[in-house]
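What the coordinates show
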Amino acid sequence: MRVLITGGAGFIGSHLAEILLQNDHSVICLDNLSTGSEENIKHLRQNPRFRFVEGDIFNAAVVEHLVREVDAVVHLAAAVGVKLIIEDPVSTIETNIHGTQTILSAASKHNTKVLIASSSEVYGKLEKIPLSEEDDMLFGPTVHARWCYACSKAVDEFLALAHHKRTGLPVVIMRFFNIVGPRQTGRYGMVVPRFVEQALTNRPITVYSDGSQVRCFLYVREAVDAVMRLLYEEKAVGEVINIGHPEPITILQLAQTVRKLLNPDAEITFIPYEQVYGKGFEDIKKRVPSIEKASRLIGFSPKVGIEEIIKITADWMKKKIVSS
């Protein structure tokens, strides 16, 4: 299979490219390197079945040319991280909506299968546990830029499903819940790499608000395994599917676990949201996925727990710290 990965030099994209190549597929990686990194894919450059194209998903001509060459598209390119979203909501909205429409338009011309990366953010402030794909969405007011990411990802889903309904375009929507592991950066607010780096460099582990927020964390290799299965599963076409680990943990418990495993002497400190994101910031209190649908369709059953994820991430980060 020939696969185009948008955002292929990013965290999830680079892991997916690696696994596709290991399974004898061909990969074209399209990335503008705004948040992705050439470092993530440098070990793939020598593979004759790998091609990197530095470019933008807004460029319809480039996108259509690449889509014409492949059997499937995995669309991962998007604005990433709460911090970036708060700082630049215009780019968030334009990248997510216009970029996705560009991909879907090109795919429609060639009836190319598209896997769209959506986000658990689309559930908004809904506090139901667990969250299933048919649940309602509950967003905050438009005066808070924090919700523009959730809304733009919801529009992406509507666009993809509308294309599927109108032309039969084979689309699959993957709602990712906090994918974590090596190559993820903490500079845009991602909590696991941020905590791990703070513990390894003997800095305070900084918890935003009181740490009572509930999250679930899925190891990136298990997320990529789910993507691989969805590439082949015809019953997933036209469906929205949660991809996450069902085991919840509070952010304070996460900080305490990082401290226990990596630096027992580390201090845990608490920072108000407004100090990080400005006044009026609203966070999501609980976010736990139902994975019944993914389990039924592709046998999805994550095995890697949070302690193992922290250790794997720390091993990778230690090498990064030493090399820098």
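Refer to the preceding data block for the structure.
Procedures and definitions
- Residues numbered from 1 in each chain as written.
- Predicted model: local features only at pLDDT ≥ 70, side-chain atom pairs only at ≥ 80, totals over all residues.
- Heavy atoms only, no water.
- Phe/Tyr/Trp six-rings, centres within 6.5 Å; stacked < 30°, edge-to-face > 60°.
- Lys NZ or Arg CZ within 6 Å of the ring centre and 35° of its normal.
- Helix = DSSP H or I, 4+ residues; strand = E, 2+ residues; numbered from the N terminus.
- Buried < 20%, exposed > 50% of the residue type's maximum accessible area, 1.4 Å probe, protein only.
- Contact = heavy atoms within 4.5 Å.
- Pairing = 2+ DSSP bridges.
- Axes fitted to C-alpha atoms, helices over the stretch in contact; angles between N-to-C directions.
- Core = buried A, V, L, I, M, F, W, Y, C linked by side-chain atoms within 4.5 Å.
- Left-handed = near helix turned anticlockwise from the far one by under 90°.
- Nonpolar A, V, L, I, M, F, W, Y, C, P; charged D, E, K, R; others polar.
- Polar contact = N/O pair within 3.5 Å; in protein donor to acceptor, adjacent residues only side chain to side chain.
- Parallel < 35°, antiparallel > 145°, perpendicular 65-115°, else oblique.

Counting across every chain of the model gives one aromatic pair. For the cation-ring pair, Arg146 lies above Trp147, with the distance from its terminal atom to the ring centre recorded as 4.8 Å. For Arg194, the ring lying beneath its charged end belongs to Tyr208, and the centroid distance is 4.1 Å.

Before going further, it helps to spend a moment on the environment of His98. Position of His98 among the secondary structure elements: in helix H4 (residues 89–110). Of the residues examined, His98 reaches a relative accessible area of 42% and is grouped as partly exposed. Between the C-alpha atom of His98 and that of Asp135, which follows or precedes it by 37 residues, the distance is 26 Å. Once residues within four sequence positions are removed from consideration, His98 is found in contact with Phe58 and Ile93.

This part takes up the sheet that holds strand S3 (residues 50–54). Reading across the sheet, the seven strands line up as S3-S2-S1-S4-S5-S6-S11 and stay open at both edges, with parallel pairing between neighbours. Bordering the open sheet on either side are S3 and strand S11 (240–243), each of which pairs with just one other strand. If you compare each strand with its neighbour and ignore which way they point, the axes differ by 20 degrees on average. Two elements, strand S2 (residues 26–31) and S3, share five bridges in a ladder whose sense is parallel. The partner of Asp31 across the bridge, within S3, is Glu54.

Take the nonpolar core next. Core analysis: the biggest nonpolar cluster contains 65 residues, and Ile243 and Leu254 have the highest contact counts within it. The leading source of residues in this core is helix H7 (residues 220–232), at eight residues. Not counting chain neighbours up to four residues away, the residues in contact with Leu254 comprise Val191, Val192, Phe195, Phe217, Ile249, Ile306 and Ile310. The next biggest cluster of nonpolar side chains, apart from the first, holds 22 residues, and it includes Ile57, Val63, Val70 and Ala77.

Structurally, Leu138 is set in the loop between strand S5 (113–119) and helix H5 (148–167). When its relative accessible area of 42% is taken as the criterion, Leu138 is described as partly exposed. Along the primary structure Leu138 and Glu127 are separated by eleven residues, whereas in three dimensions their C-alpha atoms are 9.2 Å apart.

So, on to the packing of helix H6 (residues 191–200) against helix H8 (residues 251–262). Remark: H6 packs on H8, axes separated minimally by 10 Å, with the N-to-C direction vectors making an angle of 35 degrees. For the pair H6 and H8, the sense of crossing is right-handed. For the pair H6 and H8, the contacting residues are Val191, Val192, Phe195, Val196, Ala199 and Leu200 in the first and Ile251, Leu254, Ala255, Val258 and Leu262 in the second. Partitioned by chemical class, the residues of the contact of H6 with H8 number eleven nonpolar, no polar and no charged.

Moving on to the side chain of Thr100. Within the secondary structure, Thr100 is located in helix H4. Under the relative-accessibility criterion, Thr100 is labelled buried at 0%. Of note is the side chain of Thr100, whose polar atom sits 3.1 Å from the side chain of Asp156. Setting aside residues no more than four positions away along its own chain, Thr100 makes contact with His75, Thr95, Ile116 and Asp156.

One way to put it is that H4 packs onto H5 with a least axis distance of 9 Å and a crossing angle of 15 degrees. The orientation of H4 relative to H5 falls into the category roughly parallel. H5 is crossed by H4, and the crossing has right-handed handedness. Facing Pro89, Thr92, Ile93, Asn96, Ile97, Thr100, Gln101, Leu104, Ser105 and Ser108 of H4, the residues of H5 in contact are Cys148, Tyr149, Ser152, Lys153, Val155, Asp156, Leu159, Ala160, His163 and Thr167.

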